[in-house]
Amino acid sequence: MASIPAQGHGNVKPAHVHTQFENEEQQNESYIVGMWSFLVTEVMFFGALFFSYALYRWKYQADFYVLHEMLDRVMGAVNTSVLLFSSLAVALAVRGAQLKKKKTVLAWLTVTQLCAVTFLVIKYFEWTKKFKAGIVLGPSFVWPNPTYLEEIPALAKVPEGHAQLFYSLYFGMTGLHAIHVIVGIIVIGVLMIMWWKNNRLVTEDYIPTEMVGLYWHFVDLVWIFLFPLFYLIPR
Amino acid sequence: MSMNAATHESHNGSSHHVHPQSMYFKAFIVLFVLMVGTVLASYLPVGDSAIASFAMNVLALTIACLKAITVILYFMGVKFSTRLTQMYAACGFLWFTLMFITFCDYMTRSWEPTPGWESGIPANALPRGPYLPNQGETMLPNLREVPTPPTRDGR
């Protein structure tokens with residue numbers, strides 16, 4: 001591969017290392033730190049919502065415990081497994097990029113995309129189940145809810161305001177997470193197209209693939225916390 | 001998929017270390033086992049016991065944190081990153097912890113009358129109290145007559 005000798009050092013920088021960097025390691029580190037800065041802002045983004053959730057869960061504990069039972073644990077567990085596997089897939093794709101193996105990268109990124117789409121499909125079923133029962137965002141929120149009152153009689157004691165609060169948090173947080181998944185699908189799609197077309201930006205340097213991988217792992221991280229908080233804890 | 005051993009200083013000439021596939025698979029197994037653990041634990045009967053409920057909360061959150069740490073260290077490669085990267089990652093989550101200090105505001109609200117918080121109705125929708133311009137000691141004398149504005153319910 002074409003290389004530009006670094007002035008006055010005698011050692012050779014690979015072509016994809018820009019002029020302001022001493023060597024590839026330094027460039028890689030700056031790119032990774034830059035990506036982590038973005039991820040820290042995402043932590044703040046989701047962190048505030050987690051705090052909101054923690055606050056109202058603390059304040060209306062008994063009601064939230066009952067409301068949690070309306071969520072389907074099994075679907076949540078399947079979603080979690082799917083996302084964990086997609087994290088593994090993207091990590092192996094990054095490893096493939098490090099070894100410059102195009103087929104490996106494309107194969108594992110395809111797996112990641114399939115997992116992401118599966119996640120969204122399962123989330124679609126979860127949400128439509130709620131919508132059909134009348135649990136929606138907005139004025140048509142049905143409370144007391146006849147569909148769920150049969151399964152969980154304790155819901156009769158939960159005031160509408162608390163139920164609305166719980167669901168605005170639930171739809172808000174899982175919805176925001178789903179938007180991040182959609183963005184991830186688009187970005188991984190673009191990455192796959194670049195690899196497929198042998199674009200030098202991604203084939204010579206594994207760091208772009210790694211940065212997309214970091215974003216995807218973050219999306220998985222948020223779900224790792226969302227899952228126990230909404231689906232598992234109160235029991 | 002061929003199971004490659006770790007390749008040091010691999011043929012592309014750059015100095016990064018490529019990890020063996022087995023490391024990623026092992027991390028995945030750990031994550032999956034932890035997840036199954038939390039799900040099974042959630043089926044344990046808690047009943048009305050406050051201690052059991054608290055213990056369940058702590059357990060589930062601890063396992064979630066362990067999963068997060070596994071993802072961050074191994075999948076995201078922070079374990080093998082430079083100190084600068086590790087610091088960025090650590091600070092992000094440190095901030096998250098510090099943010100919860102603001103919980104003190106909410107937990108101390110019961111120490112003072114807070115009609116908006118206790119009733120759940122927003123404070124601006126509650127009826128206002130009487131308007132008293134000179135409550136207690138004032139530093140400056142009231143130089144001119146301050147007309148009391150009409151209150152909402154004529155009090």
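Since the structure is predicted, the reported quantities are computational estimates derived from the model, not experimental observations.

The rules we used
Residues numbered from 1 in each chain as written. Chains lettered and ligands numbered in written order. Predicted model: local features only at pLDDT ≥ 70, side-chain atom pairs only at ≥ 80, totals over all residues. Heavy atoms only, no water. Phe/Tyr/Trp six-rings, centres within 6.5 Å; stacked < 30°, edge-to-face > 60°. Buried < 20%, exposed > 50% of the residue type's maximum accessible area, 1.4 Å probe, protein only. Lys NZ or Arg CZ within 6 Å of the ring centre and 35° of its normal. Helix = DSSP H or I, 4+ residues; strand = E, 2+ residues; numbered from the N terminus. Contact = heavy atoms within 4.5 Å. Patch = residues over 30% accessible without salt bridge, like charges linked within 9 Å, V, L, I, M, F, W, Y side chains within 5 Å. Areas by Shrake-Rupley, 256 points an atom, 1.4 Å probe, with all protein chains shown as cover. Salt bridge = Lys/Arg side-chain N within 4 Å of Asp/Glu carboxyl O. pLDDT = per-residue confidence, 0-100. Disulfide = S-S within 2.5 Å. Buried area = accessible area lost by both parts, 1.4 Å probe. Polar contact = N/O pair within 3.5 Å; in protein donor to acceptor, adjacent residues only side chain to side chain. Nonpolar A, V, L, I, M, F, W, Y, C, P; charged D, E, K, R; others polar. Axes fitted to C-alpha atoms, helices over the stretch in contact; angles between N-to-C directions. Parallel < 35°, antiparallel > 145°, perpendicular 65-115°, else oblique. Left-handed = near helix turned anticlockwise from the far one by under 90°.

Draft legend 1. Examining the packing of aromatic side chains more closely. Scanning all chains against the criterion turns up 37 aromatic pairs over all chains. Note on Tyr56(A) and Tyr60(A): the rings are 6.2 Å apart at their centroids and 15° apart in plane angle, and the pair reads as stacked. Among the residues examined, Tyr56(A) registers a relative accessible area of 22% and is labelled partly exposed. For Tyr60(A), a relative accessible area of 15% corresponds to the buried category. Of note, Arg73(A) hangs over the ring of Tyr43(B), and the distance from its end group to the ring centre comes to 3.7 Å. Here the basic side chain of Arg109(B) rests over the ring of Trp117(B), its NZ or CZ set 4.8 Å away from the ring centre.

Draft legend 2. Region of the structure containing helix α2 (residues 61-68) of chain A. In terms of residue burial, α2(A) counts as a mostly covered element, since six of its eight residues are buried. Along α2(A), the residues that are buried comprise Asp63(A), Phe64(A), Tyr65(A), Val66(A), Leu67(A) and His68(A). If you follow the buried residues of α2(A), they end up packed against α1 (24-59), α6 (160-196) and α8 (207-232) of chain A together with α2 (50-75) of chain B.

Draft legend 3. Main features of a nonpolar patch on the surface. There is a patch of nonpolar side chains on the surface, built from Val74(A), Val78(A), Phe32(B), Val36(B), Leu40(B) and Tyr43(B) and spanning about 520 Å² of accessible area. When residues of the nonpolar patch are traced back to their parent elements, those giving at least two are α3 (73-98) of chain A together with α1 (21-42) of chain B. When residues in the nonpolar patch are grouped by element, the largest group, three residues, is from α1(B). When you line up the elements, Val74(A) lands in helix α3.

Draft legend 4. Just the confidence of the model for chain B, in detail. All names here are of chain B. Confidence in the prediction of chain B, expressed as mean pLDDT, is 77, and 74% of residues score 70 or more. The element-level mean pLDDT for chain B is lowest in helix α5 (residues 115-119), coming to 76, with α1 highest at 92. For the stretch residues 1-15, pLDDT sits under 50, and the model shows 27 contacts to residues farther than four places along the chain or on other chains. Model confidence for the complex: the whole-complex pTM is 0.83, and ipTM, which rates the interface, is 0.86.

Draft legend 5. Seen up close, the state of the cysteines. All names here are of chain B. Scanning the entire structure with this criterion turns up zero disulfides over all chains. Here Cys 65 stays unpaired: no disulfide links it, and the sulfur of Cys 91, its closest cysteine neighbor, is 17 Å away. Looking at Cys 65, the relative accessible area reads 36%, which means it is partly exposed.

Draft legend 6. Molecular detail of the interface of chain A and chain B. If you look at the interface, chain A gives 56 residues, while chain B gives 57 residues. Counting the surface lost from both chain A and chain B, the interface buries some 5100 Å², and carbon and sulfur atoms represent 74% of this. Considering only the side of chain A, the residues that lose the most area to chain B are Trp36(A), Phe51(A) and Arg95(A), jointly responsible for 14% of the buried surface there. For the pair chain A and chain B, the number of links is zero salt bridges. Taken together, chain A and chain B are joined by eight residue pairs in polar contact (both at pLDDT 80 or more). At the level of elements, α1, α3, α4 (102-133) and α8 of chain A are the ones that each hand at least two residues to the side of chain A that touches chain B. For the side of chain A that touches chain B, the leading source of residues is α1(A), giving 20 residues. The class makeup of the residues in the side of chain A that touches chain B is 36 nonpolar, eight polar and 12 charged.

Draft legend 7. Broad picture of the packing of α2(A) against α6(A). All names here are of chain A. It is the contact of α2 with α6, at a shortest axis distance of 10 Å, that shows an interaxial angle of 60°. Taken together, α2 and α6 sit at an angle that is classed as oblique. Along this stretch, α2 crosses α6, giving a crossing that reads as right-handed. Judged by residue contacts, Asp 63, Phe 64, Leu 67 and His 68 of α2 engage His 162, Ala 163, Phe 166, Tyr 167 and Leu 169 from α6.

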